[in-house]
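# Notes for the structure review
Residues per chain, in single letters:
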Amino acid sequence: MKNETQILVVGNGMVGYKFCEKLKKKDPSGAFKITVLGEEPRPAYDRVHLSEYFSTRSADHLTMAPKEWYAENNINLVLGNPVVSIDREKKSVTTFSGDVYSYDKLILATGSAAFVPPIKGVDKDGIFVYRTIEDLEMMINQAQKSKVGAVIGGGLLGLEAAKALLDLGIKPHVIEFASRLMPRQLDEAGSKILQEKLESLGLTIHLNKNTSYFDGDATVTAMQFADDTRLELDMVVISAGIKPRDEVAKKAGLTVGPRGGIEVNDILQTSDEDIYAIGECALHWGMIYGLVAPGYEMAEVVAENLIKEHSKEFRSFDMSTKLKLIGVDVASFGDAFGAEEGSVAITYENKDKGIYKRLNLSADKKRVIGGILVGDAESYNMLLQMVNNKMALPPDPEDLILGSRGDGKSEGGNAGVMNLPDEALICSCEGVTKGAICGAVTDQNVTDLAGMKKCTKAGTGCGGCVPMVNDLISETLKSQGKVIKKVLCEHFDYSRQELLDLIKIHEYKNYDVILDELGKGDGCEICKPAVGSILASVWNEVILKQATIQDSNDRFLANLQKGGTYSVVPRVAGGEITAEKLIVLGQVAKKYDLYCKITGGQRIDLFGAPVHQLPDIWEELIDAGFESGHAYGKSLRTVKSCVGSTWCRFGVQDAVSYAIRIEERYKGIRSPHKVKMAVSGCVRECAEAQGKDFGIIATDKGWNLYVCGNGGAKPQHAILFASDLDDETCIKYIDRIMIFYIRTAEPLMRTATWLNKLEGGIEYLREVIINDSLGLNSQFEKELQLLVDTYHCEWKEVVENPELRKRFSTFINSDESDETMAFTEMRTQKKPANWKA
Amino acid sequence: MTNATITTTDTTWYKAGTISDVPENGGACAMIQGKQIAIFNFTRRNEWFATDNLCPHKQQMILSRGMIGDMSDEPKVACPFHKKSFSLKDGHCMSGDDYTIKTYPIKVEDGLIFIGLNE
Ligand SMILES: Cc1cc2nc3c(=O)[nH]c(=O)nc-3n(C[C@H](O)[C@H](O)[C@H](O)COP(=O)(O)OP(=O)(O)OC[C@H]3O[C@@H](n4cnc5c(N)ncnc54)[C@H](O)[C@@H]3O)c2cc1C
Ligand code: SF4
Ligand code: SF4
Ligand code: FES
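Structural notes, computed from the coordinates. (Residues numbered from 1 in each chain as written. Chains lettered and ligands numbered in written order. Predicted model: local features only at pLDDT ≥ 70, side-chain atom pairs only at ≥ 80, totals over all residues. Heavy atoms only, no water.)

## Things to note about the overall build of chain B
Put simply, the rule reads: Only runs of H or I of at least four residues qualify as helices and only runs of E of at least two qualify as strands under DSSP, and these elements are numbered from the N terminus. The buried label applies to any residue whose accessible area, calculated with a 1.4 Å probe on protein chains only, is under 20% of its type's maximum; exposed applies above 50%, and partly exposed to all values in between. Only heavy atoms matter for contacts: two residues are in contact if any of them lie within 4.5 Å across the pair. For the accessible areas, the method is Shrake-Rupley and the probe is 1.4 Å, while residue cover comes only from the protein chains on display.
The helix and strand tally for chain B stands at zero helices and 13 strands. Order of helices (α) and strands (β) in chain B, N terminus to C terminus: β-β-β-β-β-β-β-β-β-β-β-β-β. Taken over 119 residues, chain B has a buried fraction of 56%. Sequence-distant contacts in chain B: of pairs separated by 6 or more residues, those separated by 24 or more amount to 40%. A total of about 5100 Å² of accessible surface is found on chain B, and carbon and sulfur atoms cover 45% of it.

## What to know about the sheet that holds strand β7 (residues 105-108) of chain A
Whenever strands of a sheet pair, they do so through backbone hydrogen bonds, lying parallel or antiparallel. All names here are of chain A. Definition in use: Two strands qualify as a pair provided that DSSP identifies no fewer than 2 bridges between them. Working convention: axes come from line fits to C-alpha atoms, limited for helices to the stretch in contact. Angles between N-to-C directions cover 0 to 180 degrees.
Spatial ordering of the open sheet is given by β3-β2-β1-β7-β19, a layout of five strands whose pairing is parallel. This sheet does not close on itself; its edge strands, each paired only once, are β3 (76-78) and β19 (275-277). Sheet twist, expressed as the mean angle between neighbouring strand axes with direction ignored, is 15°. Taken strand by strand, helix α1 (residues 14-26) contacts β1 (5-10), β2 (32-37) and β7, and its axis lies near 165° from that of β2.

## Brief notes about helix α8 (residues 292-307) of chain A
Selection rule: By this rule the span expected of a helix is its residue count minus one, scaled by 1.5 Å.
Compared with an ideal rise of 1.5 Å per residue, which puts 16 residues at 22 Å, α8 of chain A spans 23 Å between its outermost C-alpha atoms and is within 8% of the ideal. With 13 of its 16 residues buried, α8 of chain A lies for the most part within the structure.

## Brief notes about the environment of I238 of chain A
Residues and elements named next belong to chain A. Mapped onto the elements, I238 comes out in strand β16 (residues 235-238). I238 sits in the buried class, given a relative accessible area of 2%. Along the sequence, I238 and I175 sit 63 residues apart, while their C-alpha atoms lie 9.7 Å from each other. Look past the residues within four positions of I238 in its chain and what remains in contact with it is F115, V116, P117, V122, I127, F128, V129, Y130 and I152.

## With respect to the interface of chain B and chain A
Rules: Once two parts are joined, some of their accessible surface, as seen by a 1.4 Å probe, is lost; buried area is that loss totalled over both. The salt bridge criterion pairs a side-chain nitrogen of Lys or Arg with a carboxyl oxygen of Asp or Glu, the two atoms within 4 Å.
At the junction of the two partners, chain B supplies 44 residues and chain A supplies 37 residues. A combined buried area of about 3300 Å² lies between chain B and chain A, and 49% of that area is made up of carbon and sulfur atoms. The largest contributions to the chain B side of the interface with chain A come from R44, R65 and M67 of chain B, which together make up 24% of the buried area. At the surface where chain B touches chain A, the tally comes to seven salt bridges.

## Focus on the sheet that holds strand β24 (residues 344-350) of chain A
All names here are of chain A. Pairing is antiparallel in the open sheet, where five strands are placed in the order β22-β23-β26-β25-β24. Each edge of the sheet is formed by a strand with only one pairing partner; in this case those strands are β22 (321-323) and β24. On average, each strand axis in the sheet is inclined to that of its neighbour by 10°, with strand direction left out of account. By the bridge criterion, five bridges tie strand β23 (residues 330-334) to strand β26 (residues 368-374) in an arrangement that is antiparallel. By the bridge assignment, V330 is partnered in β26 with V374. Packing of helix α6 (residues 188-201) onto the sheet brings it into contact with β23, β24, β25 (355-361) and β26, and relative to β25 it is tilted by some 160°. Along the sheet, helix α9 (residues 380-388) contacts β22, β23, β25 and β26; its crossing angle with β23, the most-contacted strand, is approximately 10°.

## Examining the packing of helix α21 (residues 727-744) of chain A against helix α23 (residues 761-769) of chain A
Residue and element names in this part refer to chain A. Applied cut-off: Orientation labels follow simple angle bins: below 35 degrees gives roughly parallel, above 145 gives roughly antiparallel, 65 to 115 gives roughly perpendicular, and whatever is left gives oblique. By definition, turning the near helix anticlockwise from the far helix through less than a right angle yields a left-handed crossing, and turning it clockwise yields a right-handed one.
Interaxial distance between α21 and α23 falls to 10 Å at its minimum, and their mutual angle equals 115°. When the axes of α21 and α23 are compared, the pair comes out roughly perpendicular. The two elements α21 and α23 meet at a crossing, and its hand is right-handed. Residue-level contacts link Y733, R736, I737 and F740 of α21 to Y764, L765, V768 and I769 of α23.

## Considerations on the nonpolar core
Residues and elements named next belong to chain A. Using the following cut-off: What we call a nonpolar core is a set of buried Ala, Val, Leu, Ile, Met, Phe, Trp, Tyr and Cys residues that are connected through their side-chain atoms within 4.5 Å.
Formed by 95 residues in total, the largest nonpolar core has its most connected members in F19, L108 and I278. Broken down by element, the residue count for this core peaks at nine residues, all from α8. If we skip the residues at most four places from it in the chain, I278 touches V15, F19, I107, L108, A109, L268, M298, A299 and V302. Formed by 66 residues, the second largest nonpolar core is a distinct cluster that contains L502, I503, I514 and Y733.

## Here we look at the pairing of strand β5 (residues 47-52) of chain B
All names here are of chain B. As paired strands, strand β4 (residues 35-42) and β5 are joined by six bridges and run antiparallel to one another. Its bridge partner being in β5, I37 is matched across the sheet by D52. Linkage of β4 to β5, two consecutive antiparallel strands, is achieved through a turn of four residues, within which N46 is found at a positive phi near 60°. Where β5 and strand β11 (residues 103-104) come together, two bridges link them in antiparallel fashion. By the bridge assignment, T51 is partnered in β11 with T103.

## Digging into the packing of helix α18 (residues 579-591) of chain A against helix α19 (residues 614-623) of chain A
Residues and elements named next belong to chain A. Cut-off, in case you're wondering: Residue polarity is assigned by list, with Asp, Glu, Lys and Arg as charged and Ala, Val, Leu, Ile, Met, Phe, Trp, Tyr, Cys and Pro as nonpolar; anything else, Gly included, falls into the polar class.
At a minimum axis separation of 10 Å, α18 and α19 run at an interaxial angle of 160°. The angle between α18 and α19 places the two elements in the roughly antiparallel class. The handedness of the crossing between α18 and α19 is right-handed. Contacts from L585, V588 and K591 of α18 reach α19 at I617, E620 and L621. For the contact of α18 with α19, the residue count by class is four nonpolar, no polar and two charged.

Rendered as structure tokens:
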């Protein structure tokens, strides 16, 4: 078709992708035929969240849109084949492999590369930049052989890289040439507070440092500085700024800036009117925008102008930023340094808590024009809105940084969002206004963040606006009188979490009392087991004291199977069992005619016991030294292990001993759903720990702890939570996460779903568990210890208690077995008859 | 144990057990004239109920081990296998299927439970 306009996009990065998405949306009839030529081997991914690759190790997780998306949208995507030259006469480009593509309009979205300063020895092995997935893979490799590392550059990205090194188990040094950290965003005072915070996290900060050369043979071993000091190390990450990728443009004779960048006008045309440049490669009025939001806006402007000539211009863009990931809140916005004539600064500093806040007011003291927040950036979004929308100051401007004292909610907090004008830009990445967000709630029935992301794309970019989007959703819902509340069932108007708190506060221990005090009606099969589980999690009393509120399996402490019989699973901690005990299991199985099978959790399941025989069977097992395996409970199932270093020639830690220790600790603890764990003796991971709620994998320095994995119907890999932990720390983290999970999950929610729904995800979990951001860790540990101290074998209680034992009857008026139970034979063992009808 | 029987008009009452045989707010099973009957001691409502022990969904002899409760004040039992609920009043399935279970007259006298069967 000749009347299609050929659009050629060079570069499939974040902005290049966004351009395709936007143009496709504006051009449903397909008047433009898009071809994308990318240099990287994979489709565009979210570079902003690149650091997440260290914990997820999954490129898919970061992908903006899979290859199929391009195909479905009729976009020709060519990857791993960079453009090497442009022929402006013929209007075509040539790629590395020699292919030629012609264009009507050419869009350069080549981004930037890390700037590598010309220091002697900079080409040695062990020196990396931080820009692509491949860079990270190389860093991960090197980190396995490294103990000490340095990051050159103490800016936004450098600090993110330093945190990544820390998470990889490396001791990071940050080398900054300037006299303060994040020199473009922070003043001296802010930098000082930040430095103290970072040092307490384990980073070493060197300011005013000038690197003379890198030492070492093939691989770097040390850095030598101009002040004659020296740092021995194993790896270096360079994060000293960016260099726009303008080489192809320059070769083609397009105008580039003296310090790089392809010059563009207000509609983002280069010096050739058929060639546009967008994203980090574009130089607009002397400015390179090293952030996604302005890049997306550029994509929007070009797409819009292709549809309707000269309908939109690119304006200079707000460069406010918030540092993510590092464990310290840092934000800088608007006129951060108070450069405006006559402006006045109000500051607040709390060295003890590590908080510094600075607000710059306009000369007439009527508006905020910018500021800096370190240590507590909760009010960032709101302050940024006040700047951008030129909103008037509240009567007591210091409230803005102090928070209105007392109720903990700052003046600029929740309700304040509703005062914003409708056109206030909330999500700058996707250009979504407050009006659009509230409209999605009122007109399209959006009730949560996930729905909002789908409907408006708000919050899908850098994610900085998410707290504010959440506030807007809940405030709008509230204003409509639609308070969406998760309640247990018709009998309780509370969520599981609320119920748990109330039960604890009032020390309720009995279901009927709880139903009288907190609920209504007679209960049902949803709230009874849920309350039963809460009571067990909180007080850990013998559950059969209230047998009739327990779920099917818990009611008889065994797993109900087809035909109405039960199966019996004694605990075999860590999967380790003696020959003597194996023999006992065999004898018991034979005596009671039970079907035997090895479970997936490394123990032995005996099937086919009628309810009235359960106590007799258990009596024999307990006499032989067995105890309940809680296979019937929503509680710890097993801790699977490999033989580890005691037998395996690859093992680096004793996986079995640790697995047994873990299983002994957490056995019997009831939780919202079942919990599975595993311990592997080395990276080969024979115990498949990454598919468990808690997976522990040995390293030569200790244990890597993975959390919230899941097998089952919706498998999900566990995520690396922390590395190289010693025995005690690993257990401490598991203790805390267990209680946090028990306290906050919904009924029958596995840890994987829990984490998926946890606002802030794994990073937030780390904040809570490692940095104690809620200040609850000592409480968590106490609660867990109570459960450990009150452990009891539930079957022993039954076997020894005639009252409880009596409940295990098939008929109240006969000692007979249920005649209707039918069995057939299969491979010489018994099996129940098939379901009828 | 033999079943003591009392006959009124066309219902014959069979003794099923004593009240302490059935847990509070729970159920138990009795064998009456070769039939498995589920008996529920709904202490919370101060009522007793008797139904078939057979769950019509997969023909399992199990309902006495189900969990009782109410849905909008209608007393019910949920099967422990797949949680289908049945009304304890008239036996209809309350989870949207076409099953019904039989219910039986039940009375408690001097701490003894009697189930009525229509011969
Ligand atoms: C670790 C990290 C953290 C960041 N955090 C933030 C943040 O918190 N907030 C924020 O706003 N920004 C952040 N950024 C910056 C943000 O990622 C960039 O602004 C954004 O990726 C720019 O998009 P782009 O498409 O212009 O460039 P890129 O994403 O770099 O894409 C350019 C693509 O073009 C390709 N290319 C180059 N030359 C050619 C050629 N000749 N032929 C074919 N293809 C070519 C490149 O290989 C690349 O794939 C971060 C960046 C990094 C690295
Ligand atoms: S995980 Fe490692 S230590 Fe364990 S069995 Fe496999 S190879 Fe051996
Ligand atoms: S996978 Fe299905 S059939 Fe197998 S044990 Fe689990 S629930 Fe039963
Ligand atoms: S057998 Fe009762 S619900 Fe399936």
